[in-house]
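Here is what each chain is made of, one letter per residue.
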Amino acid sequence: EVQLVESGGGLVQTGGSLRLSCAASGFTFAFDDYAIGWFRQAPGKEREFVGAINGRDGGLFYGDSVKGRFTVSTDNAKNTVYLQMNSLKPEDTGVYYCAATLVVLNTPLLPLQYDYWGQGTQVTVSS
């Protein structure tokens with residue numbers, strides 16, 4: 001079965017940078033048959049789309065709140081997806097999750113469209 005493990009979270013100051021990793025294993029199909037998404041959730045708030053990559057065509061998608069600051073990338077040889085976060089703001093604070101699902105038609109952007117989830121990693125940005 002598919003397993004996803006996030007790492008790299010921590011405490012940073014406003015304006016700082018952080019790089020999250022999502023290590024994937026147990027894929028039934030090829031790694032590039034999947035879309036990998038990043039989501040975040042702050043206490044008392046709904047889960048928010050951050051970014052995603054479509055393994056089939058390499059297409060990248062970002063939520064409006066992080067465009068220009070965050071970048072999703074992959075290392076296919078390692079079955080790992082990264083989230084580079086720059087110019088961090090206090091409102092970026094939350095638990096960050098990576099998720100995976102097989103691509104059917106296009107890149108899924110909603111949490112309910114993803115079948116596999118990691119355990120999450122905490123990101124805290126101090127003001």
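Our structure's up above, just so we're on the same page.
Predicted model, so just to flag it, every value in this text is computed and none were measured.

### Topic: the layout of surface pockets
Inference 1: Considering only enclosed or pocket space, the largest pocket measures out at about 170 Å³ in volume.
Inference 2: For the lining of the largest pocket, the per-class residue count stands at one nonpolar, two polar and six charged.

### Side note on the nonpolar core
Inference 1: If you look at the biggest cluster of nonpolar residues, it comprises 26 residues, and the most contacted ones within it are Trp-38, Leu-83 and Met-85.
Inference 2: Among the secondary structure elements, those contributing two or more residues to this core are β3 (18-25), β4 (34-41), β5 (48-54), β7 (70-75), β8 (80-85), β9 (94-102) and β11 (121-126).
Inference 3: It is β3 that provides the largest number of residues to this core, a total of four residues.
Inference 4: Every residue in contact with Leu-83, bar those within four places of it in the chain, is listed here: Leu-18, Arg-19, Leu-20, Trp-38, Val-50, Phe-70, Thr-71, Val-72 and Tyr-96.

### So, the side chain of Asn-54
Inference 1: By the element assignment, Asn-54 lies in strand β5.
Inference 2: Accessibility expressed as a relative area gives 4% for Asn-54, which makes it buried.
Inference 3: Within polar-contact distance, the side chain of Asn-54 engages the backbone nitrogen of Arg-56 at 2.9 Å.

### Observations regarding the state of the cysteines
Inference 1: Inspection of every chain in the model, using the stated rule, returns one disulfide.
Inference 2: The disulfide that involves Cys-22 links it to Cys-98, with 2.1 Å between the sulfurs. Between Cys-22 and Cys-98, the S-S torsion sits near 70°, and that sign places the bridge as right-handed. Taken as a pair, Cys-22 in strand β3 and Cys-98 in strand β9 lie far apart in primary sequence, 76 residues in all. For the residue pair Cys-22 and Cys-98, the accessibility class agrees, reading buried in each case.

### Here's the deal with the packing of aromatic side chains
Inference 1: For the structure shown, the criterion picks out seven aromatic pairs.
Inference 2: Consider the rings of Phe-39 and Tyr-114, whose centres lie 5.3 Å apart with planes at 75°: the pair is edge-to-face. Of the two residues, Phe-39 sits in strand β4 while Tyr-114 sits in the loop between β9 and β10 (116-117), which places them 75 residues apart along the sequence.
Inference 3: Ring plane angle 45° and centroid distance 5.2 Å describe the contact between Phe-39 and Trp-117, whose orientation is recorded as tilted. Of this pair, Phe-39 sits in strand β4 while Trp-117 sits in strand β10; the two residues are 78 residues apart in sequence, bridging distant segments of the chain.

### With respect to unusual backbone geometry
Inference 1: Although it is not a glycine, Asn-79 sits at a positive phi angle of roughly 50°.
Inference 2: Among the secondary structure elements, Asn-79 is positioned in the loop between β7 and β8.
Inference 3: Phi is positive for Ser-87, which is not a glycine, with a value near 50°.

What counts, and where the lines are drawn
- Residues numbered from 1 in each chain as written.
- Predicted model: local features only at pLDDT ≥ 70, side-chain atom pairs only at ≥ 80, totals over all residues.
- Heavy atoms only, no water.
- 1 Å grid on protein atoms, 1.4 Å probe; cavity = no way out; pocket = protein on both sides within 12 Å on 5 of 7 lines; lining within 4 Å.
- Points joined across faces, edges and corners; volume = space filled by probe spheres on them.
- Nonpolar A, V, L, I, M, F, W, Y, C, P; charged D, E, K, R; others polar.
- Core = buried A, V, L, I, M, F, W, Y, C linked by side-chain atoms within 4.5 Å.
- Buried < 20%, exposed > 50% of the residue type's maximum accessible area, 1.4 Å probe, protein only.
- Helix = DSSP H or I, 4+ residues; strand = E, 2+ residues; numbered from the N terminus.
- Contact = heavy atoms within 4.5 Å.
- Polar contact = N/O pair within 3.5 Å; in protein donor to acceptor, adjacent residues only side chain to side chain.
- Disulfide = S-S within 2.5 Å.
- Phe/Tyr/Trp six-rings, centres within 6.5 Å; stacked < 30°, edge-to-face > 60°.

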